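# Architecture at a glance
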Amino acid sequence: MSLILPAEGVAFEFTVPVVVIGGGAAGMIAALAAHERGAAVLVLERDALPQGSTALSAGLIPAPGTRWQRAAGIEDSPERFAADIIAKAKGEPDPEDVSRVARTVGPALEWLADRYGLPFSVIDNFTYPGHSARRMHGLPSRSGAELIDRLRGAVEAAGIDVLCEAQVTALHADGARVRGVEVTRPDGSVERVGCAALILACNGYGGNRALVERHVPELADALYFGHPGNQGDALLWGEALGAATRHLSGHQGHGSVAHPAGILVTWATVTEGGVQVNTEGRRFSNEAQGYSEQAAVVLRQPDGIAWTVFDERIATVARQFEDFRQAEAMGAVLGADDPADLARQMKVDAAALAATLDEVERLKAAGEADGFGRNFAGAAPLVAPYRAVRVTGALFHTQGGLVVDDDARVLAKTPDGQGGPLPNLYAAGGAACGVSGAKASGYLSGNGLLTAVALGRIAGAAAADAVKKEGNP
Ligand SMILES: Cc1cc2nc3c(=O)[nH]c(=O)nc-3n(C[C@H](O)[C@H](O)[C@H](O)COP(=O)(O)OP(=O)(O)OC[C@H]3O[C@@H](n4cnc5c(N)ncnc54)[C@H](O)[C@@H]3O)c2cc1C
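Quick summary incoming for the structure in this document. No experiment lies behind these values; they were computed from the predicted model shown.

### What to know about the overall build of the protein chain
Secondary structure summary: the protein chain contains 15 helices and 21 strands in total. Against the 2.2 N^0.38 benchmark of 23 Å for 473 residues, the protein chain shows a C-alpha radius of gyration of 23 Å, consistent with a compact globule. Seen through its C-alpha atoms, the protein chain measures out along the principal axes to roughly 75 × 50 × 45 Å. Out of the 473 residues belonging to the protein chain, those deemed buried represent 58%. Approximately 17500 Å² of the protein chain is accessible, and the part contributed by carbon and sulfur atoms is 50%.

### Points about the layout of surface pockets
There is about 220 Å³ of room inside the second largest pocket. Lining the second largest pocket are Lys-88, Ala-89, Lys-90, Glu-92, Pro-129, Gly-130, Ala-288, Gln-289, Glu-293, Lys-439, Ser-441 and Gly-442. Here the lining of the second largest pocket is built from residues that sort into three nonpolar, four polar and five charged.

### Regarding the site of the ligand
In the vicinity of the ligand lie 41 residues, with Glu-45, Ser-53, Thr-54, Asp-233 and Leu-449 positioned nearest. Contact distances for the ligand include 3.2 Å between an oxygen atom and a backbone N or O atom of Ala-25. Here Val-168 contributes a backbone N or O atom positioned 3.0 Å from a nitrogen atom of the ligand. Those elements giving two or more residues to the shell around the ligand turn out to be helix 1 (25-36), helix 2 (52-56), strand 8 (167-174), helix 8 (233-240), strand 18 (386-398) and helix 15 (447-470).

### Considerations on the packing of helix 4 (residues 78-88) against helix 5 (residues 95-116)
In contact at an axis separation of 9 Å, helix 4 and helix 5 are set at 135° when each is read in the N-to-C sense. As far as their axial angle goes, helix 5 and helix 4 are oblique. Relative to helix 5, helix 4 is oriented so that their crossing is right-handed. Counted together, Pro-78, Phe-81, Ala-82, Ile-85 and Ile-86 of helix 4 and Pro-95, Val-98, Ala-102, Arg-103 and Val-105 of helix 5 form the full contact between these two elements. Along the lines of polarity and charge, the residues of the contact of helix 4 with helix 5 split into nine nonpolar, no polar and one charged.

### So, the pairing of strand 3 (residues 41-44)
Judged by which residues are buried, strand 3 turns out to be covered on both faces: Val-41 and Val-43 on one side and Leu-42 and Leu-44 on the other are all buried. With helix 1 bridging strand 2 (residues 14-21) and the parallel strand 3, this β-α-β connection has right-handed handedness. Inspection of the sheet shows strand 3 paired to strand 7 (residues 161-163) by three bridges, in the parallel sense. Each residue of the ladder has a partner; that of Leu-42, found in strand 7, is Asp-161.

### What to know about the pairing of strand 10 (residues 190-200)
A regular strand places its side chains so that they alternate between the two faces of the sheet. The buried fraction of strand 10 amounts to eight of the eleven residues, a majority that puts the element mostly inside the structure. Taken together, the seven bridges between strand 2 and strand 10 define a ladder with parallel strand orientation. Residue pairing for strand 10: Thr-15 is matched across the bridge by Gly-194. Note: strand 9 (residues 177-184) against strand 10, five bridges, orientation antiparallel.

### Re helix 4
Those residues of helix 4 that sit buried are Phe-81, Ala-82, Asp-84, Ile-85 and Lys-88. Take helix 4 and look down its axis: the buried residues cluster within an arc of 160°, on one side only. Projecting away from the buried face of helix 4 at angles above 90 degrees are the exposed residues Glu-79 and Ala-87. Where helix 4 is buried, its residues touch strand 4 (61-62), helix 5, helix 10 (291-299) and helix 15. Immediately beyond the C-terminal end of helix 4, within one or two residues, lies Lys-90, with a positive phi of roughly 45°.

### Here's the deal with unusual backbone geometry
Each neighbour pair has its own omega, and for His-259 with Pro-260 the value is 10°, a cis peptide bond. Omega for the peptide link from Ala-384 to Pro-385 comes to 0°, which places this bond in the cis form. One can find Pro-385 in the loop between helix 14 (350-366) and strand 18. Its identity is not glycine, yet Asn-203 carries a phi of approximately 60°, on the positive side. For Asn-203, the location among the structural elements is in the loop between strand 10 and helix 7 (209-215).

### Things to note about the environment of Asp-221
Among the secondary structure elements, Asp-221 is positioned in the loop between helix 7 and strand 11 (223-224). With twelve residues separating them in the primary sequence, Asp-221 and Arg-209 have C-alpha atoms 8.5 Å apart.

### Remarks on the sheet that holds strand 6 (residues 136-138)
Sheet architecture is open: three strands sit in the order 4-6-5, paired in antiparallel fashion. Because the sheet does not close on itself, it has two edges, and the strands there are strand 4 and strand 5 (121-122). Pairing analysis gives two bridges linking strand 5 to strand 6, with the strands arranged antiparallel. Looking across to strand 6, one finds that Val-122 is bridged to His-137.

### Focus on the pattern of salt bridges
As enumerated under the stated definition, the model contains 29 salt bridges in all. Across the pair Glu-191 and Arg-185 runs a salt bridge whose closest N-O atoms are separated by 3.8 Å. Exposure remark for Glu-191: the relative accessible area of 23% places this residue in the partly exposed category. Via salt bridges that share partners, Asp-94, Asp-97, Arg-100, Arg-246 and Asp-406 belong to a single interconnected network.

### Digging into the state of the cysteines
Applying the stated rule across the entire model yields zero disulfides. Of the cysteine sulfurs around Cys-195, a residue in no disulfide, the closest is that of Cys-202, at 13 Å. The buried category is assigned to Cys-195, whose relative accessible area is 5%.

Cut-offs and rules
Residues numbered from 1 in each chain as written. Predicted model: local features only at pLDDT ≥ 70, side-chain atom pairs only at ≥ 80, totals over all residues. Heavy atoms only, no water. Helix = DSSP H or I, 4+ residues; strand = E, 2+ residues; numbered from the N terminus. Rg over C-alpha atoms; globule rule 2.2 N^0.38 Å. Buried < 20%, exposed > 50% of the residue type's maximum accessible area, 1.4 Å probe, protein only. Areas by Shrake-Rupley, 256 points an atom, 1.4 Å probe, with all protein chains shown as cover. 1 Å grid on protein atoms, 1.4 Å probe; cavity = no way out; pocket = protein on both sides within 12 Å on 5 of 7 lines; lining within 4 Å. Points joined across faces, edges and corners; volume = space filled by probe spheres on them. Nonpolar A, V, L, I, M, F, W, Y, C, P; charged D, E, K, R; others polar. Near = heavy atom within 4 Å. Polar contact = N/O pair within 3.5 Å; in protein donor to acceptor, adjacent residues only side chain to side chain. Axes fitted to C-alpha atoms, helices over the stretch in contact; angles between N-to-C directions. Parallel < 35°, antiparallel > 145°, perpendicular 65-115°, else oblique. Left-handed = near helix turned anticlockwise from the far one by under 90°. Contact = heavy atoms within 4.5 Å. Right-handed = clockwise from strand over helix to strand, strands pointing away. Pairing = 2+ DSSP bridges. Arc of directions from axis to C-beta. Salt bridge = Lys/Arg side-chain N within 4 Å of Asp/Glu carboxyl O. Disulfide = S-S within 2.5 Å.

Next up, the structure:
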């Protein structure tokens, strides 16, 4: 299958100034922004209903300096957010990439609320690890399904065309200028749609095992927890057109997916004072480093399995998340009045688990760090009734991708990195290089939707402006 086909002599069935590939958060937001700037837009989505990884996510978006934060008395700024992102990724991300999204995501959320009625609020009772302010925003259900449903509703209300069951299988280009796309329908029929600007909003390559093996080998056999349609098309097309790429090994993993239930168990189970033990009943890591890097750590344990052990107080915090309530409803969360009973239900050695929990309580009481480097100072003790959930490590999404500029235009690859922008190609969300650097540990909560929302809006507006300036096709 050719990724890039010639454009010369192709009779496009119809032509739309701005074509967006992918109907997740990035694509829907790009479409709204382009439409608002007066461009006719078409969204092409391979599924029958646009959902993407966005629908699988908790729909939580970090944003600094918003009016919701101000109302809750939370002090924050884009500079502070940028510093948190850079600190988590140990200085790896390009500061301009970071500043671009940190500056624009707050205004983008307020725009979505004011123009399209998305009722965001800030989570003000829980600080996400690595964030120095409470800046995670979500919709009432705190679910990505609500986010994508509301975005789809806004796109439909604006009269923007969304063509579903329309998988883009190749681009038509003259050199690096994209002239249109080849769309394959479920019955195998093919249509060709011309465009003046193309926005890649079809996420990363988490669903493409060969690309994961190449770029994220430590998770080659991990459960992929994102949307299966994310096959790395943006990356492959970009590379074929001569685009610069960066941090392709970067990704968001998660060390707490209930197994075999396959439900995300909130990391609050750990940050609030819980611990992870392996099937021998022993701790094996500093769990507090972050859930993303913990995916590979859990997978290195016997059978690729761990147990997250916590208590009812922590379960009460976790119950604000629908996934956790679902995990409980499915019986994935065990309950016991003492460690011996818990060990029996977990089928781990009772003496080993008791010794592990005793040591954790000793560290908490003394406010000391353990041999892995986790500091238990200030952590509340675990008390009966105890809870435990069997988990594994999973790949959520990739964070590397196409390098973009301030207009979300995809930049050309040069021998020393990146050059100027390709003529009419834009990228947003998981299609673009994120701000997490090259390692799982660089992922700060919310970095995924951050680039979907911020770059989606930028790409849509810039593509519409460019098309207006250069003239419609
Ligand atoms: C379980 C889970 C929880 C998460 N929680 C959070 C969170 O709380 N906060 C956060 O910031 N991030 C979170 N993320 C990450 C977040 O979901 C993604 O970063 C974000 O949704 C990416 O948005 P997107 O629009 O780029 O991609 P998507 O939402 O995946 O949309 C891409 C769309 O492109 C379509 N597509 C792909 N290829 C083609 C093609 N060739 N032709 C046509 N259509 C195509 C796909 O079908 C899909 O609908 C989570 C991810 C997972 C898996």
